[in-house]
Every structure is written in structure tokens, then in C-alpha cells.
Amino acid sequence: MTGSTGPGTGSLDTRAGSTGSGIGSSGSGAGSISSGTGSSGSGIGSIGSGIGELAAEVARLSDIAALNRLIDGYLAGLDERLARSFPEDGRPAASGFDAEWAASLFTEDVELVFPVGSHRGLAGADAFLGEIMERWSRTHHHGSLATVEPEGDRAAVGWSLIASHVHFGSPVPPRPSEYFQIGGRFTGTARRTADGWRFARLRLRIAWSAGSPPGGVGEVDARGLDVLDTRR
């Protein structure tokens, strides 16, 4: 019986060894858990990267929307400010093209290059545009969808234009108007400022015209012509 007890005790030791091995397996499992945690960390990193890319795209789209509002505001402002200069009631009015309006559109060092003249600097930009626009009784500026390419704090912009200019004394609708019309394209750059996006340079080139130009305009700056026909 005593002899039998020895081997039996040995068997118990063996079982204990197996139990130890089981604990080792549990430890191995804990290692697997730790490894799984590492995978979770990698997933969190991917999510963080995705959020960063999404934020960058939202910022880019926000810039594009702001630049399109700047373009729309400029074109609509030309027509609306002219209407303020010549109210329908016929009473004298101050020019609708003022310094505050210009500051909402242009940088301090803006350069404007148009077929009928050029100007540099924010100071006087309102008077420069007012002189051009107030040759007409009323106008209608129609722009195409714009090409807008922001890159950091600068952006390239461009859009096609059809502009109709009604002469003073022209019949009012529905009678046919007497007008001068041009088709061309604006190109330029905009810059981000503390007050938002502003035009730093605008150039208008005309491809065609129809009707009679205003008095005093007999020629245009060659830089304002989109195509020079050398076959004549």
C-alpha cells in the first residue's frame, strides 16, 4: 500500500505540472489580449488620420465657397452699386462705389487690369471702378461657374463673363434697349486676409463685343484683348 502510495503521489505531481502548464497557457492568452490591444491602438491611429483628412477637405470646401461668394459679390456689386448711383427717382446721389465696398473685395496692393484702363492699390480702386461703371445707365453682369483653386492662403480664380451695358436715354423694357455688350474672361488671384478672402489681382480680357461703346472710348488696352486677329 505504501509502495502504491509513492507512484500515486507522483501522479499528483504530474497533474500539478499539467495545471502549471494550463496557467502558462492562460499567460499566453493574456499575451494574446495584450496583442489585441495593440491592434486597437493601430485602429485608433487610422481613425485619427481619417478625421484629419476630413477636416482638411472641409476646410478646402469652405475656402472654395468663400471664394465663390467673393466672385458673386463683386459681379452683383457692379450692378447694384451702379443702381445706387442713379436712383430711379432721378434725385442726385453719391457714387455707389465707395471705399468700404472696395475694401470688402480687394487687398491693399490689388492690381486691376481692364481693357479700358488699369489701377494698382486699394486706395482709389472705388473711384477707378466707379468711373468705368458710371458711363452707363444700368448694367447686367453674368458670370459662368468659376474655376477656384485654393492653395494655402492664396488661390487662383477665373470665370467667363457676358456683360451688358445700357446707354443713357435708352428705352426701358419691354422696348428694345440700346446697349453695348462684351464677352470675355476674368482671371486673377485671391489672398486670405484677416478679414477673409480678397482679390489681389484681376484681369479682364474680352473676346468679342457688340453694339456701340460709350463716348470717349475709342480703343482698348491690348492686354485686355483675349485674341488679336493678325489676319487683317
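Rules and cut-offs
- Sequence positions are assigned chain by chain, starting from 1 and proceeding in written order.
- In keeping with the predicted nature of the model, local features appear solely for residues at pLDDT of at least 70, side-chain atom pairs appear and are counted solely at 80 or more, and the whole-chain, interface and lining totals rest on all residues.
- With hydrogens and water set aside, each side-chain value is computed from the structure's full complement of heavy atoms.
- Put simply, DSSP marks the helices as runs of H or I at least four residues long and the strands as runs of E at least two long, and each gets a number from the N terminus on.
- Each residue's exposure class comes from its accessible area (1.4 Å probe, protein chains only) as a fraction of the maximum for that residue type: buried when under 20%, exposed when over 50%, partly exposed otherwise.
- In this analysis, two residues are considered to be in contact whenever any of their non-hydrogen atoms come within 4.5 Å of each other.
- Working definition: rings of Phe, Tyr and Trp (its six-membered ring) pair if their centres are within 6.5 Å, and the pair is stacked with planes under 30 degrees apart, edge-to-face with planes over 60 apart, and tilted otherwise.
- By nonpolar core is meant a set of buried Ala, Val, Leu, Ile, Met, Phe, Trp, Tyr and Cys residues that side-chain atoms within 4.5 Å join together.
- For the purposes of these results, a polar contact is taken to be a pair of N or O atoms within 3.5 Å, where, inside protein, one atom must be able to donate a hydrogen and its partner to accept one; residues adjacent in sequence count only when each atom of the pair is a side-chain atom.
- Only strands joined by at least two bridges in the DSSP assignment are considered to pair.

All right, on to the overall build of the protein chain then. On a plain count of helices and strands, the protein chain comes out with three helices and seven strands. Ordered by position from N to C terminus, the α and β elements of the protein chain give α-α-β-β-α-β-β-β-β-β. Residues classed as buried in the protein chain amount to 30% of the 232 residues present. Restricting to contacts in the protein chain with at least 6 residues of sequence separation, those with at least 24 account for 57%.

Moving on to the packing of aromatic side chains. Within this structure, the stated rule accounts for 10 aromatic pairs. Aromatic side chains Tyr74 and Phe199 sit 5.9 Å apart centroid to centroid with 70° between the ring planes, which places their arrangement in the edge-to-face category. In this pair, Tyr74 is assigned in helix H1 (residues 2-85) and Phe199 in strand E7 (residues 196-211), connecting sequence segments 125 residues apart. Grouping residues by exposure puts Tyr74 and Phe199 together as buried. Residues Trp159 and Phe199 carry aromatic rings whose centres are separated by 6.2 Å and whose planes lie at 40° to one another, so their mutual orientation is tilted. Highlighted residues: Trp159 in strand E5 (residues 154-166) and Phe199 in strand E7, separated in sequence by 40 residues. The two residues Trp159 and Phe199 agree in class, both being buried. Three or more aromatic residues joined by ring pairs form one cluster here, namely Tyr74, Phe106, Phe114, Phe128, Trp159, Phe186 and Phe199.

On to helix H3 (residues 125-133). Counting buried residues along H3, seven of its nine residues qualify, which places the element largely inside the surrounding structure. What H3 keeps buried is the set Ala125, Asp126, Phe128, Leu129, Gly130, Ile132 and Met133.

In this structure, Tyr74, Phe106, Leu112, Phe114, Trp159, Phe186 and Phe199 are the most contacted members of the largest nonpolar core, which totals 38 residues. At the level of secondary structure, the elements contributing two or more residues to this core comprise H1, helix H2 (99-103), strand E1 (106-114), H3, E5, strand E6 (179-193) and E7. Ranked by residues supplied to this core, first place goes to H1 with eight residues. If sequence neighbours within four positions are ignored, Leu112 has contacts with Phe106, Gly117, Ser118, His119, Ala125, Phe128, Leu129 and Leu202.

The subject of this paragraph is the side chain of His141. Among the secondary structure elements, His141 is positioned in strand E3 (residues 138-143). One polar contact links His141 to Asp79, side chain to side chain, over a distance of 2.7 Å. Sequence-distant contacts of His141, that is, excluding residues within four places in its chain, are made with Leu75, Leu78, Asp79, Met133, Leu161, Ile162, Ala163 and His165.

Another aspect to go through is the environment of Arg201. Topologically, Arg201 is positioned in strand E7. Sequence-wise, Arg201 and Thr189 are 12 residues apart; in three dimensions their C-alpha atoms are separated by 5.3 Å. For Arg201, the residues in contact, after removing those within four places along its chain, are Val110, Glu111, Val113, Thr187, Gly188 and Thr189. Here the side chain of Arg201 touches Glu111 through a polar contact of 3.1 Å, side chain to side chain.

Here E5 pairs with E6 via 13 bridges, running antiparallel. The residue of E6 that forms the bridge with Arg154 is Arg191. One ladder, built from 14 bridges, connects E6 with E7; its direction is antiparallel. Its bridge partner lying in E7, Gln181 is registered against Ala210. The hairpin formed by E6 and E7 contains two residues between the paired strands.

Here Asn68 is to be found in helix H1. Of the residues examined, Asn68 reaches a relative accessible area of 25% and is grouped as partly exposed. Each C-alpha atom, one on Asn68 and one on Thr147, is 9.0 Å from the other, the two residues being 79 residues apart in sequence. Apart from residues lying up to four places away in sequence, Asn68 is in contact with Ala146 and Val148.

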